Amino acid sequence: MKVEVDVPKCVASGQCVLIAPEVFDQRDEDGMVVLLDETPAPELHEGVRESAMVCPAAAIRLAE
């Protein structure tokens, strides 16, 4: 799995961080998404998929 984020689309809701904190974080200054791991381990894939599904801005893209 490869994860990509479209930071300009991000609305800083933080759902991805709550679901997959090993893969996503937020910038302190504005809350925008920060991708911590673009190729997460298999055991993190379910959380990453859920993060992509619940992202209100559809700012997370996955390639599997």
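Attention in this report is confined to the structure presented alongside it.

The rules behind these values
Residues numbered from 1 in each chain as written. Predicted model: local features only at pLDDT ≥ 70, side-chain atom pairs only at ≥ 80, totals over all residues. Heavy atoms only, no water. Disulfide = S-S within 2.5 Å. Buried < 20%, exposed > 50% of the residue type's maximum accessible area, 1.4 Å probe, protein only. Salt bridge = Lys/Arg side-chain N within 4 Å of Asp/Glu carboxyl O. 1 Å grid on protein atoms, 1.4 Å probe; cavity = no way out; pocket = protein on both sides within 12 Å on 5 of 7 lines; lining within 4 Å. Points joined across faces, edges and corners; volume = space filled by probe spheres on them. Helix = DSSP H or I, 4+ residues; strand = E, 2+ residues; numbered from the N terminus. Nonpolar A, V, L, I, M, F, W, Y, C, P; charged D, E, K, R; others polar.

What the rule picks out here adds up to zero disulfides. Between Cys 10, a cysteine without a disulfide, and Cys 55, which holds the nearest cysteine sulfur, the sulfur-to-sulfur distance is 6.5 Å. Residue class for Cys 55 comes out buried when judged on its relative accessible area of 18%.

Glancing now at the pattern of salt bridges. Within the structure shown, the criterion is met by five salt bridges. Note that Asp 30 is salt-bridged to Arg 27, the shortest N-O span being 2.6 Å. The partly exposed category is assigned to Arg 27, whose relative accessible area is 31%. Salt bridges linked by common partners bring Glu 4, Asp 6 and Arg 61 together as one network.

Quick look at empty space enclosed by the protein now. For the coordinates displayed, the defined rule picks out one cavity of 30 Å³ or more. Each pocket or cavity is described by its volume, and for the largest cavity that value is around 110 Å³. Taken together, 16 residues line the largest cavity, and the ones lying closest to its centre are Cys 10, Ser 13, Cys 16, Val 33 and Cys 55. The set of elements that each furnish at least two residues to the lining of the largest cavity consists of α1 (15-19) and α2 (45-54). Here the lining of the largest cavity is built from residues that sort into ten nonpolar, six polar and no charged.

Moving on, we get to unusual backbone geometry. Of note in this structure, Ala 12 is not a glycine but carries a positive phi near 60°. Phi at Ala 58 takes a positive value of approximately 55°, unusual for a residue other than glycine. Take Ala 58: it is sitting in the loop between α2 and β4 (60-63).

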